[in-house]
Amino acid sequence: MTQERITVRLEAQVGERLKLRHATICTAESCTGGLVASLLTDIPGSSAYVLGGVVAYSNAVKHALLSVPDDILMEQGAVSAETAAVMASSARALFGADYALSVTGIAGPGGETPTKPVGLTYIGIAGPSRLLEIRRFVWKGDREANKRSSAEAALRLALEYV
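Residue positions are counted from 1 within each chain, in the order its sequence is given. Given that this is a predicted model, residues contribute local features only at a pLDDT of at least 70 and side-chain atom pairs are listed and counted only at 80 or more, while totals for whole chains, interfaces and linings are drawn from all residues. With hydrogens and water set aside, each side-chain value is computed from the structure's full complement of heavy atoms.

With respect to the pairing of strand β2 (residues 50-55)
No. 1: Two strands make a pair as long as DSSP finds a minimum of two bridges between them. Labels follow the DSSP assignment, with helices taken as runs of H or I lasting at least four residues and strands as runs of E lasting at least two, numbered in each case from the N terminus. Relative to β2, strand β1 (residues 25-29) runs parallel, the two being bridged by five bridges. Pairing of Ala28 across the sheet is with Val54, part of β2.
No. 2: The definition of a right-handed crossover adopted here requires that, viewed with the strands pointing away, the path from the first strand over the helix to the second runs clockwise. For the handedness criterion, the β-α-β arrangement of β1, helix α2 (residues 35-41) and β2 is classed as right-handed.

Here it is in structure tokens:
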């Protein structure tokens, strides 16, 4: 089975679970640039459960649209568990969705720091009445592979909680 087929299967599984539970989902993405939302909406009929998404690539947009506090952005950084948590919770509230996925990371090839390597990614999910989980990953691929790995990990996380 190819990597592409696995991705399509994940998207369809997420969609089926959301439809079965009459639940909705939205996204707040940084390093994936809307890839998670794109994959979710590749499934016919996804308008029944996908409400929308925010691509918050800059810190200014993370702050203005997703209410990520400046102190978190300055002290923890845009690529942090704390930022991913606020992104997920804020997107859920913004869209009125049952679930929200967030992704923030360093896709590469540049952008790393001494404590944050290329490939470092935090993925979060917020669900009914609370933040459910934030996961940390360090991908070893190129930019495109890191984005794809992050999007697939976000879909897997959704499958666990929806």
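Resuming the write-up.
So, the packing of helix α3 (residues 59-66) against helix α5 (residues 81-95)
Describing two packed helices takes the angle between their axes plus the distance from one axis to the other.
No. 1: Here α3 crosses α5 at 40 degrees, and the two axes come no closer than 10 Å. One finds that α3 runs oblique with respect to α5. Crossing geometry of α3 relative to α5 is assigned as left-handed. Where α3 approaches α5, its residues Lys62, Leu65 and Leu66 are matched on the opposing element by Thr83, Val86, Met87, Ser90, Ala91 and Leu94. For helices, the fitted axis covers only the stretch in contact; all axes are lines through C-alpha atoms, and the angles between them, taken along N-to-C directions, range from 0 to 180 degrees. Working rule for angles: under 35 degrees goes down as roughly parallel, over 145 as roughly antiparallel, 65 to 115 as roughly perpendicular, anything else as oblique. Left-handed describes a crossing whose near helix is turned anticlockwise from the far helix by less than a right angle; the clockwise case is right-handed. For this analysis, residues touch if any pair of their heavy atoms sits within 4.5 Å.

Let's talk about unusual backbone geometry
No. 1: Cis rather than trans, the peptide bond between Gly108 and Pro109 has omega equal to 5 degrees.
No. 2: For Pro109, the location among the structural elements is in the loop between β3 (99-105) and β4 (120-127).
No. 3: Backbone geometry places His22, a non-glycine residue, at a positive phi of 55 degrees.
No. 4: With respect to the helices and strands, the residue His22 is situated in the loop between α1 (3-20) and β1.
No. 5: For each residue, the accessible area found with a 1.4 Å probe, counting protein chains only, is set against the maximum for its type, and the residue is called buried under 20%, exposed over 50%, and partly exposed in between. Relative accessible area serves as the criterion here: at 73%, His22 is assigned to the exposed category.

Topic: the pattern of salt bridges
Two side chains that carry opposite charge are able to pair once their charged atoms sit near each other.
No. 1: A pairing counts as a salt bridge when a side-chain nitrogen of Lys or Arg comes within 4 Å of a carboxyl oxygen of Asp or Glu. The tally for this structure, following the rule as stated, stands at four salt bridges.
No. 2: Of the charged contacts, one joins Lys19 and Glu16 as a salt bridge, the two residues approaching to 3.1 Å between their closest N and O atoms. Remark: Glu16 and Lys19 occur in helix α1; sequence separation between them is three residues, near one turn of the helix.
No. 3: What makes Glu16 partly exposed here is its relative accessible area of 48%.

Details of the packing of aromatic side chains
No. 1: Pairs were defined over the aromatic rings of Phe, Tyr and Trp, the Trp ring being its six-membered one, requiring ring centres within 6.5 Å. Orientation was assigned from the angle between planes: stacked under 30 degrees, edge-to-face over 60, tilted for the rest. Applying the stated criterion to the full structure yields one aromatic pair.
No. 2: Considering the side-chain rings of Phe137 and Trp139, the 4.8 Å spacing of their centres and the 10 degrees angle between planes classify their relative orientation as stacked.

Considering α5
No. 1: The span one expects for a helix is its residue count, reduced by one, times 1.5 Å. Helix length check: α5 (15 residues) gives 21 Å between terminal C-alpha atoms against 21 Å at 1.5 Å per residue, within 8%.
No. 2: Burial in α5 covers these residues: Thr83, Ala84, Ala85, Val86, Met87, Ala88, Ser90 and Ala91.
No. 3: On the buried face of α5, the contacting elements are β1, α3, α4 (70-75), β3, β4 and β5 (130-138).

Brief notes about the nonpolar core
No. 1: What makes a nonpolar core is a set of buried Ala, Val, Leu, Ile, Met, Phe, Trp, Tyr and Cys residues whose side-chain atoms join them at distances within 4.5 Å. Counting 29 residues, the largest nonpolar core has Leu18, Ile25 and Tyr99 as its most contacted members.
No. 2: Counting residues per element, the ones that place at least two in this core are α1, α2, β3, β4 and α6 (143-161).
No. 3: In terms of residue count, α6 provides more of this core than any other element does, seven residues in total.
No. 4: Setting aside residues up to four positions removed in sequence, Ile25 forms contacts with Leu18, Leu40, Tyr49, Val50, Leu51, Gly52, Ala97, Tyr99, Leu101 and Ala158.
No. 5: Among the nonpolar cores identified, the runner-up in size contains 14 residues, and Ala28, Ala56, Val68 and Leu73 belong to it.

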